[in-house]
Amino acid sequence: MTVVVTGYEPFGELDTNPTAHVAAELDGETVAGESVVGAVLPVAFDSVTARLESLLAEHDPTVFVSTGVARGSAAVRIERVGVNVADAVTTPDNEGADPRNERLADGPAAYFSTLPVESVVTDLLDEGIPACLSNTAGTHLCNDALYTVRHAVERDGRETRSGFVHLPFSPSLAAAAARENEAARGGSVPPSMALTTQTRAVRLAIETTLGSL
């Protein structure tokens, strides 16, 4: 039995992406008796669907947890719903694609996560990890991963539980942003969370989900 965890490569002005680190850290681990496969996704609308569907087909996982970074978030955000739209707003992907109000698939308007989202938040808080339930994963590639995996699971008749977790900046990203904002002269410092805590949060989300099956 297998669990898949995905993160994203760096994008935009970010030199690193904490979600790539989390996926790499969990790759090869055993969590609640199941092997974890960690994978880093391209920040590219044109290729991410194929990569996600390939991971589903290759591993037929019990649980599929996608992760992405959320600028300005002080907590781990457990997403409740993904919507059938791709809209890059003001941030093109790493290949320069800039979709506006495009549908992701020939599917329903939205899918709910099939992770036990409320239980995950409760368990994270009980472990002293700041966490909250979120009702929007945006319209960029984070939402894309949530919707695309859920759509593929439903289309192919799989029993995979899947959902999305937004993670805060790492301390190094927050420091870099503060440097740009001249925090030493009174500028702002984005919230952040240690990478070890982020990894522990995703591990716990997996444990909670497997425990609910």
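Looking at an unreviewed UniProt entry, one finds the chain named Peptidase and attributed to Halogeometricum borinquense.

Put simply, the largest pocket is a space of about 470 Å³. Lining the largest pocket are 24 residues; nearest its centre among them are Phe 11, Val 69, His 140, Cys 142 and His 166. Of all the secondary-structure elements, those providing two or more residues to the lining of the largest pocket are β4 (63-69) and α4 (141-156). Taken together, the residues of the lining of the largest pocket break down into 12 nonpolar, eight polar and four charged. Looking at the second largest pocket, its volume works out to about 210 Å³. In this structure, the second largest pocket is lined by 13 residues; those nearest its centre are Glu 13, Leu 173, Ala 176, Ala 177 and Glu 180.

On to helix α3 (residues 117-126), then. Buried residues of α3: Val 117, Val 120, Val 121 and Leu 124, and no others. Down the axis of α3, the smallest arc covering the buried residues is 100°, so these residues share one side. Set apart from the buried face of α3 by more than 90 degrees, the exposed residues are Glu 118 and Asp 126. Looking at the buried side of α3, the elements it contacts are β5 (76-79), β8 (131-134) and α6 (195-211). At the C-terminal side of α3, Gly 128 shows a positive phi close to 80°.

Attention shifts here to the nonpolar core. Membership of the largest hydrophobic core comes to 26 residues, with the highest contact counts inside it found for Val 76, Ile 78, Leu 124, Val 202 and Ile 206. When residues of this core are traced back to their parent elements, those giving at least two are β1 (2-8), α1 (18-26), β4, β5, α3, β9 (161-167) and α6. The dominant element in this core, judged by the number of residues it contributes, is α6, at six residues. With residues up to four places along the chain from it excluded, the contact list for Leu 124 reads Val 76, Ile 78, Ile 129, Ala 131, Ala 201 and Leu 204.

This part is about the environment of Ser 192. Here Ser 192 lies in the loop between α5 (171-180) and α6. Ser 192 sits in the partly exposed class, given a relative accessible area of 34%. Residues Ser 192 and Ala 205 lie 13 residues apart in sequence; the distance between their C-alpha atoms is 19 Å. In contact with Ser 192, other than residues within four places in its own chain, are Pro 168, Phe 169, Ser 170, Pro 171 and Ala 174.

Right, let's get into α1. Along an α-helix, residues three or four apart share an orientation, since each turn contains 3.6 residues. Within the sequence span of α1, burial applies to Pro 18, Thr 19, Ala 20, Val 22, Ala 23 and Leu 26. In the core, the buried residues of α1 are packed alongside β1, β3 (34-41), β4, β9, α5 and α6. Backbone geometry just downstream of α1 places Gly 28 in the positive-phi region, at approximately 90°.

In the structure shown here, the tally under the stated rule is 10 salt bridges. A salt bridge links Arg 155 to Glu 53, with the shortest nitrogen-to-oxygen separation between them at 3.1 Å. With a gap of 102 residues between them, Arg 155 in helix α4 and Glu 53 in helix α2 (residues 45-59) connect regions that are remote in the sequence. By relative accessible area, which is 27% here, Glu 53 ends up partly exposed. Measuring nitrogen to oxygen at the nearest pair gives 4.0 Å for the salt bridge that ties Asp 156 to Arg 158. Among the charged side chains, a network of salt bridges with common partners joins Glu 53, Asp 60, Arg 155, Asp 156 and Arg 158.

This part takes up unusual backbone geometry. The phi dihedral of Val 89 falls on the positive side, at around 55°, and the residue is not glycine. In the Ramachandran plot, Asn 101 falls in the positive-phi region, its phi being about 55° despite a non-glycine side chain. Here Asn 101 lies in the loop between β6 (81-83) and β7 (110-112).

Definitions and cut-offs
- Positions within a chain are numbered from 1, following the residues in the order the chain's sequence is written.
- For this predicted model, a pLDDT threshold of at least 70 governs which residues receive local features, and a threshold of 80 or more governs which side-chain atom pairs are given and counted, while totals over whole chains, interfaces and linings are taken from all residues.
- Just so you know, side-chain values use all the structure's heavy atoms and leave hydrogens and water out.
- We place a 1 Å grid over just the protein atoms. Points where a 1.4 Å probe fits but has no way out form a cavity, open points with protein on both sides within 12 Å along at least 5 of 7 lines form a pocket, and any residue with an atom within 4 Å of a point lines it.
- Grid points are joined across faces, edges and corners, and a volume is the space filled by probe spheres set on the points.
- Starting at the N terminus, helices and strands are each numbered in turn, a helix being any DSSP run of H or I of at least four residues and a strand any DSSP run of E of at least two.
- Think of it as three bins: nonpolar holds Ala, Val, Leu, Ile, Met, Phe, Trp, Tyr, Cys and Pro, charged holds Asp, Glu, Lys and Arg, and polar takes everything else, Gly as well.
- Burial classification: accessible surface area is computed with a 1.4 Å probe over protein chains only, and a residue below 20% of its type maximum counts as buried, one above 50% as exposed, and the rest as partly exposed.
- To obtain the arc, one takes the directions from the helix axis to the C-beta atoms.
- Residues are treated as being in contact if the distance between any of their heavy atoms lies within 4.5 Å.
- For this analysis, a nonpolar core means a set of buried residues of the types Ala, Val, Leu, Ile, Met, Phe, Trp, Tyr and Cys, connected via side-chain atoms within 4.5 Å.
- By salt bridge we mean one thing: a side-chain nitrogen of Lys or Arg within 4 Å of a carboxyl oxygen of Asp or Glu.

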